[in-house]
Amino acid sequence: MYIGRMFDLKPISRDAIPEALSKVERYRLLSEPWQAESICLDILRIEPEHQLALVMLLLSLTDQFGKGVAINTARDVLPRLSGEYERAYYAGIICERWADSLLRQGSPGAGFTAYESLREAMQNYERAETLRPAGNDDALLRWNTCARILMRNRELRPRGEEAFAPAFED
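Residues numbered from 1 in each chain as written. Predicted model: local features only at pLDDT ≥ 70, side-chain atom pairs only at ≥ 80, totals over all residues. Heavy atoms only, no water.

### Topic: the nonpolar core
- Formed by 47 residues in total, the largest nonpolar core has its most connected members in L58, Y89 and Y90.
- Among the elements of the structure, α1 (17-29), α2 (33-46), α3 (51-62), α4 (71-75), α5 (84-105), α6 (110-131) and α7 (138-152) are those that each provide at least two residues to this core.
- Sort the elements by how many residues they give to this core and α5 lands first, with ten residues.
- When neighbours within four sequence positions are excluded, Y89 is seen to be in contact with Y125, A128, D138, A139 and R142. (Core = buried A, V, L, I, M, F, W, Y, C linked by side-chain atoms within 4.5 Å. Buried < 20%, exposed > 50% of the residue type's maximum accessible area, 1.4 Å probe, protein only. Helix = DSSP H or I, 4+ residues; strand = E, 2+ residues; numbered from the N terminus. Contact = heavy atoms within 4.5 Å.)

### Overview of α1
- The terminal C-alpha atoms of α1 lie 19 Å apart, and with 13 residues this matches the ideal 18 Å at 1.5 Å per residue to within 8%.
- Turning to α1, its buried residues are I17, A20, L21 and V24. Burial along α1 is one-sided: seen end-on, the buried residues are contained in an arc of 105 degrees. Of the exposed residues in α1, the ones pointing more than 90 degrees away from its buried face are P18 and L29.
- Its buried side turned inward, α1 meets α2 and α3.
- Looking one or two residues past α1, S31 carries a phi angle of roughly 60 degrees, positive in sign. (Expected span 1.5 Å × (residues − 1). Arc of directions from axis to C-beta.)

### Some remarks on the pattern of salt bridges
- Counting across every chain of the model gives ten salt bridges.
- Salt-bridge contacts for D137 lead to R132; the nearest nitrogen and oxygen are separated by 3.2 Å.
- On the basis of relative accessible area, R132 is assigned to the partly exposed category, the value being 29%.
- Each member of the salt-bridge network shares a partner with another, and the members are R28, D63 and R97. (Salt bridge = Lys/Arg side-chain N within 4 Å of Asp/Glu carboxyl O.)

### Some details on the layout of surface pockets
- Of the voids in this model, the largest pocket is the one considered here, and its volume is about 190 Å³.
- For the largest pocket, the full set of lining residues is T62, D63, I93, E96, R97, A99, D100, L103, R104, L118, R142 and I149.
- Going through the elements one at a time, α5 and α7 are the ones with two or more residues in the lining of the largest pocket.
- Grouping the constituent residues of the lining of the largest pocket by class yields five nonpolar, one polar and six charged. (1 Å grid on protein atoms, 1.4 Å probe; cavity = no way out; pocket = protein on both sides within 12 Å on 5 of 7 lines; lining within 4 Å. Points joined across faces, edges and corners; volume = space filled by probe spheres on them. Nonpolar A, V, L, I, M, F, W, Y, C, P; charged D, E, K, R; others polar.)

### With respect to the side chain of S117
- Mapped onto the secondary structure, S117 falls in helix α6.
- A distance of 2.7 Å separates a polar atom in the side chain of S117 from the backbone oxygen of C95.
- Contact partners of S117, with chain neighbours within four places excluded, come to C95, W98 and A99. (Polar contact = N/O pair within 3.5 Å; in protein donor to acceptor, adjacent residues only side chain to side chain.)

Laid out in structure tokens, this is it:
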């Protein structure tokens, strides 16, 4: 039975953090979020509370929704963010990106679950709106995006609003 090899990971130096963070952005842009995630984990090994690395980790995890990363994996990062605004805003990002991954997968019932996730995202953005720093309208922009997605797509609706179509006509 193969259990997997254990390796001693090599620590990076503190001086390498700025360049490592730029690599995180580059790997996310190259659609290689697992590389970005790995670099964030390396940074967090030596600076566990590094806020930008935590945000980039959360984003790289959401980039992997629908590809083996579950929503709770990203949500586990939220309590480590230091600000209330950041926790609310990124909770919204998680829900919004989860909805997107559900829609891309197109499994049965995805429209209902995506609707619920988008509404949860909007609630988080509304909370972030009340906490936002002056001049920061990011939460409003994200809320508007979710609202437009819901208004544009009729298949996105709450459970219980399924259209009844009789299987047989009388």
